[in-house]
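Here is how the chains run, residue by residue.
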Amino acid sequence: MAFTQIIARLPADNCAAGLTTASLGAPDAELTRRQFWDYLNAMLSLRLKVTLLPAEADFPDAHFVEDTAVVLPELAVITHPGAPQRAGEVESIKAVLKDFRPLKVMSERGTLEGGDVMLIDKAFYIGLTTRTNEAGISEFASLVEPYGYSVTSVEVDEGLHLKSAINYVGKNTLISTEKFARLPQFSHYQHLIIPDEEIYAGNTLLINGTLITPTGYPATLAQLRTLDMPIIELDTSEIRKMDGGLTCLSLRF
């Protein structure tokens, strides 16, 4: 999918009060924001229009906007986050997205977060995680299948979200650890295999033929270079401390 714009949200001063499973210490709020601005500047360098939302101190995870919606050419699906503390984030996203797409709002029958949703062409792969369950995937499928999309679930037993560890990088290719590459759901793709100790760099973001990847992962960088595509490296050290990555900092459409 070719992107023309993104929606992003400024990290709040209390971003360290959000949810995390990492044991890397608390992020520095000022450095978090500097890394966030570097991310936005990378998007602007790729000629994307940026809609920047204000920080929400009541929701310290709110700058991870990807979890609150899935935006398609035909519609935007407002999700039901699996973390109860994040449920209130969807209201402000609805108010913004209604100007861009018709909205479908998921019920509270199941849970689904955008970080678990990977789209390749018209095929959705959705992680079964602590944040996304079978009922949420089923409801999501009922909303998007009428538009010609397929939905396949993927059990995830490491990492917060599916896209924490595996992502599409173009040229019919996925980047992930060997464990994800062996899954039968992904047997018809080519694979770039990264070492387990660099699993975080599996969260590499493809934007219109350019790859954005976290800095500090040499084996991953070497694999990405085999694709002969432009690469932007960004420091995400503070983002990582809150289980965040490059994909979760924006809604792209």
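Data block above holds the structure.
Residues numbered from 1 in each chain as written. Predicted model: local features only at pLDDT ≥ 70, side-chain atom pairs only at ≥ 80, totals over all residues. Heavy atoms only, no water.

Chemist: Can you lay out the sheet that holds strand β11 (residues 190-193) for me, pointing to particular residues and giving the numbers?
Modeler: An order of β9-β10-β11 is seen for the three strands of this open sheet, with the pairing classed as mixed. Lying at the two open borders of the sheet, with one neighbouring strand each, are β9 (167-168) and β11. Looking at chain direction, strand β10 (residues 173-176) and β11 are connected through four bridges and run parallel. Bridging from a neighbouring strand, Thr173 pairs with Gln190 of β11. (Pairing = 2+ DSSP bridges. Helix = DSSP H or I, 4+ residues; strand = E, 2+ residues; numbered from the N terminus.)

Chemist: Break down the packing of aromatic side chains for me, citing the residues and quoting the values.
Modeler: This structure, assessed with the given rule, holds eight aromatic pairs. Through successive ring pairs, a cluster of aromatic residues spans Tyr125, Tyr168, Phe186 and Tyr189. (Phe/Tyr/Trp six-rings, centres within 6.5 Å; stacked < 30°, edge-to-face > 60°.)

Chemist: Would you mind going over the nonpolar core in detail, with residue names and values included?
Modeler: Tyr39, Met43, Leu205, Ile207 and Ile212 are the most contacted members of the largest nonpolar core, which has 19 residues in total. Residue assignment for this core shows that the elements contributing at least two residues are β1 (5-9), α1 (29-45) and β12 (205-207). A total of five residues in this core trace back to one element, the largest contributor, which is α1. Once residues within four sequence positions are removed from consideration, Leu205 is found in contact with Tyr39, Met43, Thr210, Leu211, Ile212, Leu246, Thr247 and Arg252. Of all hydrophobic cores here, the second largest spans 17 residues; its members include Met106, Leu112, Val117 and Tyr149. (Core = buried A, V, L, I, M, F, W, Y, C linked by side-chain atoms within 4.5 Å. Buried < 20%, exposed > 50% of the residue type's maximum accessible area, 1.4 Å probe, protein only. Contact = heavy atoms within 4.5 Å.)

Chemist: Give a description of α1 that names residues and reports values.
Modeler: Taking 1.5 Å per residue, 17 residues should reach 24 Å; α1 reaches 24 Å between its end C-alpha atoms and fits that length. Of all the residues in α1, the buried ones are Ala29, Thr32, Gln35, Phe36, Tyr39, Leu40, Ala42 and Met43. Down the axis of α1, the sector holding all buried residues measures 155°, keeping them to one side. One side-chain oxygen at the N-terminal end of α1 lies 3.1 Å from the backbone nitrogen of Glu30; it belongs to Asp28. At the exit of α1 stands Arg47, carrying a positive phi of roughly 70°. (Expected span 1.5 Å × (residues − 1). Arc of directions from axis to C-beta. Polar contact = N/O pair within 3.5 Å; in protein donor to acceptor, adjacent residues only side chain to side chain.)

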